[in-house]
Amino acid sequence: MTIPSALAARPIGIFDSGIGGLTVARAVARRLPAERLIYFGDTAHLPYGEKSTAAIQAYAVKICDVLLRQQCKLILIACNSASAAAYELVREYVGSKALVVGMIDPVVEYVGQHYAGRPVGLIGTKQTVGSNIYRKKIDQLDLAVDLHALATPLLVPMIEEGFFNGRVSEEIISAYLDHPTLLGIDALLLACTHFPLIKPQMEAHYQGRVAVLDPSDVVAATVAEALASRSLLAAPVEAAPAHHFYVSDFTRSFEESTRLFFGQQVQLEHYPLWE
Ligand code: DGL
């Protein structure tokens, strides 16, 4: 048996533009039940998908300061838009103080392994799709995945407003999924951490013709590997660790929505970013 170091007892920091990243936090909590999570949702600046790269980078650095002050051993960027705009910068900024995992590399590796030579669709925010980051990484690694990316900016506000599992969302989802860019794909990559909530509707739309890929579990597995390979996994615990969930702007409706994204309602703590 190896004895976990004091470093291993430190929490995992996770951040997103809002509460969408809780879908990834939930996957991490399931895979690594002994790990204490510090979640930061930058609800004051949501949506990141419509922001400039420079603005997202500035927010990301501020949030990393918060997470580093909380002694996080690993920072997970649970937002595709922030991963697209700020992953490299965050890695540089954090340096050796913590490990950094983003949404993009684990997923690129996954599609490279399972869909080489095949047509794969991708939907995400304007920031994620406009950055072309998935295509660049696929090409850098010579993975030969035939990627078809489409920005679907209506989906985040639609989900935020609670419009899913109904007629309105069905219409919007169908309009996007029937877009010529996505015709003939074998799989659809959900490159936005809000989208797992509408995965069942997308699967219903495709009726088994297209695999709908929620990257949360793949990313959670990458976090587990990153910690395990450095002997940084927390020691097993009997009681669930006390997670903390911070938001830069608090509203009751954010708190109520956590139940949908995290699988249970959690208490949000207000932590203004600029003060
Ligand atoms: N959760 C963010 C993402 O994964 C999208 C939400 C936003 O635009 O802020 O891209």
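Everything quoted here is computed from the prediction, not taken from an experiment.

1. Regarding the overall build of the protein
Within the protein, the secondary structure is distributed over 11 helices and 10 strands. Relative to a compact globule of 275 residues, whose C-alpha radius of gyration would be 19 Å, the protein shows 18 Å and is just as compact. Each principal axis of the C-alpha distribution contributes one length, and for the protein these read about 50 × 45 × 40 Å. Buried positions account for 53% of the 275 residues belonging to the protein. In the protein, the proportion of contacts linking residues at least 24 apart, taken out of those at least 6 apart, comes to 78%.

2. Comments concerning the layout of surface pockets
Empty space among the atoms can be located by rolling a probe the size of a water molecule over them. When its volume is computed, the largest pocket comes out at roughly 250 Å³. In terms of lining, the largest pocket is formed by 13 residues, of which the most central are Y87, R91, V100, V101 and R230. If you list the elements that add at least two residues to the lining of the largest pocket, you get α3 (80-94), β4 (99-101), α4 (104-114) and α10 (216-228). No other element matches β4, which puts three residues into the lining of the largest pocket. Class assignment for the residues of the lining of the largest pocket results in seven nonpolar, three polar and three charged.

3. Some points on empty space enclosed by the protein
Throughout the structure, instances matching the rule amount to one cavity of 30 Å³ or more. Estimates place the volume of the largest cavity at around 50 Å³. In this structure, the largest cavity is lined by L122, T128, V129, N132, I133, Y134, R135, L147 and A149. Looking at the lining of the largest cavity, the elements with two or more residues in it are α5 (126-131), α6 (133-140) and β6 (146-151). Element by element, the count of residues in the lining of the largest cavity is highest for α6, at three residues.

4. Details of α6
Those residues of α6 not exposed but buried are I133, Y134, K137 and I138. Along α6, the residues classed as buried sweep out an arc of 130° about the axis, all on the same side. Where the residues of α6 are buried, they touch α3, α4, β5 (119-124), α5, β6 and β7 (187-190). One or two positions beyond α6, positive phi appears at D142, with a value near 55°.

5. Some details on the site of the ligand
Residues in contact with the ligand amount to 13 residues; listed here are only the nearest, S17, Y48, G49, S81 and T193. At a separation of 2.5 Å, an oxygen atom of the ligand approaches a polar side-chain atom of S17. Alone, the ligand offers 300 Å² of accessible surface; in the complex the protein occludes 99% of this. When the residues that make up the shell around the ligand are grouped by side-chain class, the tally is five nonpolar, seven polar and one charged.

6. Focus on the state of the cysteines
The tally for this structure, following the rule as stated, stands at zero disulfides. This cysteine, C64, is not joined by any disulfide, and C72 carries the nearest cysteine sulfur, 9.5 Å off. When its relative accessible area of 0% is taken as the criterion, C64 is described as buried. Here C79 stays unpaired: no disulfide links it, and the sulfur of C192, its closest cysteine neighbor, is 6.9 Å away.

7. A closer look at the sheet that holds β5
Here four strands make up an open sheet; going across it, the order is β6-β5-β7-β8 and the pairing parallel. The sheet is open, and its two borders are formed by β6 and β8 (211-213), each paired with just one other strand. If you compare each strand with its neighbour and ignore which way they point, the axes differ by 20° on average. Pairing of β7 with β8, which is carried by three bridges, proceeds in the parallel orientation. What sits directly across from L188, in β8, is V212. Helix-sheet contacts for α6 involve β5, β6 and β7, and the interaxial angle to β6 is about 165°.

Rules and cut-offs
Residues numbered from 1 in each chain as written. Predicted model: local features only at pLDDT ≥ 70, side-chain atom pairs only at ≥ 80, totals over all residues. Heavy atoms only, no water. Helix = DSSP H or I, 4+ residues; strand = E, 2+ residues; numbered from the N terminus. Rg over C-alpha atoms; globule rule 2.2 N^0.38 Å. Buried < 20%, exposed > 50% of the residue type's maximum accessible area, 1.4 Å probe, protein only. Contact = heavy atoms within 4.5 Å. 1 Å grid on protein atoms, 1.4 Å probe; cavity = no way out; pocket = protein on both sides within 12 Å on 5 of 7 lines; lining within 4 Å. Points joined across faces, edges and corners; volume = space filled by probe spheres on them. Nonpolar A, V, L, I, M, F, W, Y, C, P; charged D, E, K, R; others polar. Arc of directions from axis to C-beta. Near = heavy atom within 4 Å. Polar contact = N/O pair within 3.5 Å; in protein donor to acceptor, adjacent residues only side chain to side chain. Areas by Shrake-Rupley, 256 points an atom, 1.4 Å probe, with all protein chains shown as cover. Disulfide = S-S within 2.5 Å. Pairing = 2+ DSSP bridges. Axes fitted to C-alpha atoms, helices over the stretch in contact; angles between N-to-C directions.

That's the geometry; what it means functionally is another story.
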